[in-house]
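Fold and contact review
If you want the building blocks of each chain, they are given just below.
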Amino acid sequence: AQSVSQHNHHVILSEAASLELGCNYSYGGTVNLFWYVQYPGQHLQLLLKYFSGDPLVKGIKGFEAEFIKSKFSFNLRKPSVQWSDTAEYFCAVNKGTGGFKTIFGAGTRLFVKA
Amino acid sequence: NAGVTQTPKFRILKIGQSMTLQCAQDMNHNYMYWYRQDPGMGLKLIYYSVGAGITDKGEVPNGYNVSRSTTEDFPLRLELAAPSQTSVYFCASSYPDDEQYFGPGTRLTVT
């Protein structure tokens, strides 16, 4: 069965530190990849997405992600985090053949210390 | 453009009671979804719909029912509430294969 693994459940960083959140998926075919963010008390919203083309994708608020097909990975990065980046981050994958098959990872809670 | 709206925001139910969580979207998306979110467990798909009149089960459908009579609305029905249904419920909508737009959520407690 298709699955999405996020390696870190909790991450604590100081402001200005660099961030990398891991995401691996199990499906071997064509995939669409997403990172969503959920700020405290709010709903999920899209950070960035990858369908095809340049494997380095830039999203909102300075986030980027790199799709490495050989590693089945789609890691999220930010060079310098801010206190306002404190949130939960979800990686999601679908097969590109019907959006209802989107699988979400369990999420990574990021806390940024001011 | 309101996006995806959900009502109510909060609800407390007694065991055995019933309720309907409302969801509406104004983006003309064919695909709509209901998820539940439990701490540390990510999102679990309850039901989804690919268009008016078409619904299907997701990962955790037991204890829930849905209907989709219009493109805009996708209500979720809990018939006999149980403590295991205490959760935060999110409705979402999308075009096929594309990003999902989420509603603000409903926090449900069953006691």
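Up top is the structure.
Keep in mind that what you see is a predicted model, and the values were worked out from it rather than measured.

**Considerations on the interface of chain A and chain B**
Facing 22 residues of chain A, the contacting portion of chain B comprises 20 residues. With both sides pooled, the region where chain A packs onto chain B buries about 1,600 Å², and carbon together with sulfur makes up 54% of that total. Put simply, chain A and chain B have two salt bridges between them. For Lys49 of chain A, the salt bridge is made with Asp98 of chain B, and the minimal N-O distance between the two is 2.8 Å. Put simply, chain A and chain B have seven residue pairs in polar contact (both at pLDDT 80 or more) between them. Those elements giving two or more residues to the side of chain A that touches chain B turn out to be β5 (32–38), β6 (45–50) and β10 (87–94) of chain A. In the side of chain A that touches chain B, the residues fall into nine nonpolar, eleven polar and two charged.

**With respect to the state of the cysteines**
Residues and elements named next belong to chain A. This model, assessed by the stated rule, comprises two disulfides over all chains. Bridging Cys23 to Cys91, the disulfide has an S-S length of 1.9 Å. Judged by the torsion about the S-S bond (-70°), the Cys23/Cys91 disulfide is left-handed. With a gap of 68 residues between them, Cys23 in the loop between β3 (19–21) and β4 (24–25) and Cys91 in strand β10 connect regions that are remote in the sequence. With respect to class, Cys23 is no different from Cys91; both count as buried.

Scoring rules and cut-offs
- Residues numbered from 1 in each chain as written.
- Chains lettered and ligands numbered in written order.
- Predicted model: local features only at pLDDT ≥ 70, side-chain atom pairs only at ≥ 80, totals over all residues.
- Heavy atoms only, no water.
- Contact = heavy atoms within 4.5 Å.
- Buried area = accessible area lost by both parts, 1.4 Å probe.
- Salt bridge = Lys/Arg side-chain N within 4 Å of Asp/Glu carboxyl O.
- Polar contact = N/O pair within 3.5 Å; in protein donor to acceptor, adjacent residues only side chain to side chain.
- Helix = DSSP H or I, 4+ residues; strand = E, 2+ residues; numbered from the N terminus.
- Nonpolar A, V, L, I, M, F, W, Y, C, P; charged D, E, K, R; others polar.
- Disulfide = S-S within 2.5 Å.
- Buried < 20%, exposed > 50% of the residue type's maximum accessible area, 1.4 Å probe, protein only.

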